[in-house]
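# Observations on the three-dimensional arrangement
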Amino acid sequence: MENSPEAVLGSVAMAALFTSPRIDGLFEGELLTVARDLGRRRPLVLLAFAPRSAGTFLRTAAIEAVGGQLMRFTHAEGGRDASLYLPWLLAYFRGTLTANTAVTHVHMPAATANRHLLDAFDIRPCVMRRAIADSLRSLLAMIEDDPGMPIGFSFLLPTGFMTMAPEQRADVLIDLMGPWYAQFYAGWKTYADETPGRVLFTDYADFCATPADELELMLAHARTPQPFAACQAAIDAVWREREKFRCNRERPHHTAPPFTAAQLARLARFVSYYATLDDWHDLLLTPTAS
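From a predicted model like this one, the values you see are computed outputs, not experimental measurements. (Residues numbered from 1 in each chain as written. Predicted model: local features only at pLDDT ≥ 70, side-chain atom pairs only at ≥ 80, totals over all residues. Heavy atoms only, no water.)

### A few points about the pattern of salt bridges
Defined as follows: Each salt bridge in this description consists of a side-chain nitrogen of Lys or Arg and a carboxyl oxygen of Asp or Glu lying within 4 Å of one another. Per-residue accessibility, obtained with a 1.4 Å probe over protein chains only, is compared with the maximum for each type, and a residue is labelled buried under 20%, exposed over 50%, and partly exposed between these values. Secondary structure counts use DSSP, requiring at least four H or I residues in a row for a helix and at least two E residues in a row for a strand, with both numbered from the N terminus.
If you walk through the whole model with that rule in mind, you get 12 salt bridges. Here Asp37 and Arg41 are joined by a salt bridge, their closest N and O atoms 2.7 Å apart. Taking the relative accessible area as the measure of exposure, Asp37 reaches 31% and is therefore partly exposed. Residue Asp203 pairs with Arg129 through a salt bridge whose shortest N-O separation is 2.6 Å. A residue pair is termed long-range when its members are at least 10 positions apart, and Asp203 in strand 5 (residues 200-203) and Arg129 in strand 4 (residues 126-129) qualify at 74 residues. The same class applies to Asp203 as to Arg129, namely buried. Several salt bridges share partner residues, and in doing so they unite Asp119, Asp122, Arg124 and Arg198 into one network.

Listed below in structure tokens is the structure:
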């Protein structure tokens, strides 16, 4: 059958699919050989951004620039703390899913198993750095605009959230998502330190100032380089269509109030637990002036 698993994956990839990695997800032996062979065949643009860090915009611009295709490489994209899904990776790298370059954006932590998958297939992710307070304020405003929106990452909306006082809602975001953001950045920073050249970090402020430059850097890092003119044209095209994005469409946008000094101090404490983030302290903990 044309759409049978073996037709999509091939016999070698099928065998690899049912070869268990180590308990920590490390690829070894034949499984590693297959992954390395497949991974070098074509690029994959992976934006592993934290929520509210321009991922949807840049994902769309990357697709425009490379003539690519949006693909979901996770099991249940709407789930929490997504991980890459091996069958989709095998099928994509074999060329059976699409002839276009795949672009994917996922709020993926640098968990050990995810790192091993990235290493095995030589996938080179990009991670956007943004002040955590700014990301959380943007997230809070998005939820307040549409509390019924499926979140799709590690935040379980408490019952009665929208009836809470504004400062209490901010407390909930700080207490539940602040640690998530601290761990997210600490995980990616540690991984990048251990595997130089694997992860590209970009900054939200640089993206706002020179978005085409940042897109050019990201695509080159993902092994699908494009000239600056193509990146600028893609940014311009997507900017004209920005109101069509899921998080923007037909919503009465507002800005959440700034966090209090006590709330910002709690954020700083979460970040302080990770020594690897000491040199990112100002970047992650200095909110943009309202």
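Anyway, onward from the coordinates.
### Things to note about helix 6 (residues 112-121)
Structurally, the α-helix is built with 3.6 residues per turn, so residues lying three or four positions apart point the same way. So the rule is basically this: Contacts are residue-level and defined by heavy atoms, with any inter-residue pair within 4.5 Å sufficient.
Here helix 6 lies mainly inside the structure; 7 of its 10 residues are buried. Those residues of helix 6 lying buried are Asn114, Arg115, His116, Leu117, Leu118, Ala120 and Phe121. The inward-facing, buried residues of helix 6 abut helix 3 (29-39), strand 1 (44-47), helix 5 (86-94) and helix 8 (166-194). Following helix 6 by one or two positions, Asp122 has its phi on the positive side, about 55°.

### Here we look at the packing of helix 6 against helix 8
Formally: Interaxial angle, 0 to 180 degrees, is taken between N-to-C directions of lines fitted to C-alpha atoms, where a helix line uses only the stretch in contact. Here a crossing is taken to be left-handed if its near helix is turned anticlockwise relative to the far helix by less than a right angle, and right-handed if that turn runs clockwise. Under the grouping applied here, Gly and all other residues not named as nonpolar or charged are polar, the nonpolar ones being Ala, Val, Leu, Ile, Met, Phe, Trp, Tyr, Cys and Pro and the charged ones Asp, Glu, Lys and Arg.
Closest axis-to-axis distance for the helix 6/helix 8 pair is 12 Å, and the angle between their directions is 40°. Considering only the axes of helix 6 and helix 8, their crossing is right-handed. Touching Arg115, Leu118 and Asp119 of helix 6 are Gly187, Trp188, Thr190, Tyr191 and Glu194, all from helix 8. Considered class by class, the residues forming the contact of helix 6 with helix 8 number 3 nonpolar, 2 polar and 3 charged.

### Details of empty space enclosed by the protein
Worth spelling out the cut-off: Both cavities and pockets are sets of points on a 1 Å grid over the protein atoms alone; in a cavity a 1.4 Å probe fits but cannot get out, in a pocket the set is open with protein on both sides within 12 Å along at least five of seven lines, and lining residues sit with an atom within 4 Å of a point. Grid points are joined across faces, edges and corners, and a volume is the space filled by probe spheres set on the points.
Applying the stated criterion across every chain, the model contains 1 cavity of 30 Å³ or more. The calculated volume of the largest cavity comes to roughly 40 Å³. Lining the largest cavity we find Arg42, Pro43, Leu44, Phe93, Asp122, Ile123, Arg124, Ala222 and Arg223.

### Observations regarding the packing of aromatic side chains
To keep it simple, the criterion reads: The criterion for an aromatic pair is that two Phe, Tyr or Trp rings (for Trp, the six-membered ring) have centres within 6.5 Å, with stacked assigned to planes under 30 degrees apart, edge-to-face to planes over 60 apart and tilted to the rest. Either the NZ atom of lysine or the CZ atom of arginine qualifies as a charge over a ring when it sits within 6 Å of the ring centre and within 35 degrees of the ring normal.
Under the counting rule described, the total for this entry stands at 15 aromatic pairs. Seen from their ring centres, Trp180 and Tyr181 are 5.3 Å apart, and the 75° between their planes marks the pair as edge-to-face. Both residues of the pair, Trp180 and Tyr181, count as buried. Aromatic rings pair up to connect Trp180, Tyr181, Phe184, Tyr185, Trp188, Tyr191, Phe201 and Trp280 into one cluster. The ring of Tyr204 has Arg130 sitting right over it, with the charged end atom 4.0 Å from the ring centre.

### Here we look at unusual backbone geometry
With the exception of glycine, the majority of residues adopt a negative phi angle, and the majority of peptide bonds are in the trans configuration. Of note in this structure, Ala54 is not a glycine but carries a positive phi near 70°. For Ala54, the location among the structural elements is in the loop between strand 1 and helix 4 (55-66). If you check the backbone angles, Arg223 has positive phi at about 65° while not being a glycine. Within the secondary structure, Arg223 sits in the loop between helix 10 (211-221) and helix 11 (228-240).

### Quick word on the environment of Leu219
By the element assignment, Leu219 lies in helix 10. Note on Leu219: relative accessible area 0%, which makes it buried. Along the primary structure Leu219 and Pro43 are separated by 176 residues, whereas in three dimensions their C-alpha atoms are 9.6 Å apart. Sequence-distant contacts of Leu219, defined by excluding residues within four places in its chain, comprise Val45, Ala62, Ala65, Val66, Thr224, Pro225, Gln226 and Cys231.

### Some points on helix 3
Selection rule: An arc is given here, and it is the one of the directions from the helix axis to the C-beta atoms.
Considered for burial, the residues of helix 3 that qualify are Leu31, Leu32, Val34, Ala35, Leu38 and Gly39. Seen end-on, helix 3 carries its buried residues on one side only, within an arc spanning 160°.

### Comments concerning the nonpolar core
Rules: In plain words, nonpolar cores are sets of buried Ala, Val, Leu, Ile, Met, Phe, Trp, Tyr and Cys residues tied together by side-chain atoms within 4.5 Å.
Ranked by internal contacts, the top residues of the largest apolar core, which has 64 residues, are Phe27, Leu89, Phe121, Leu136, Tyr185 and Trp188. Taken together, the elements giving at least two residues each to this core come down to helix 3, strand 1, helix 5, helix 6, helix 7 (132-145), helix 8, helix 12 (261-272) and helix 13 (281-285). Apart from residues no more than four positions distant in its own chain, Phe27 is found in contact with Leu32, Ala35, Leu86, His116, Leu117, Ala120 and Phe121. Membership of the second largest hydrophobic core comes to 25 residues, among which are Phe57, Val66, Phe207 and Ala212.

That's the geometry; what it means functionally is another story.
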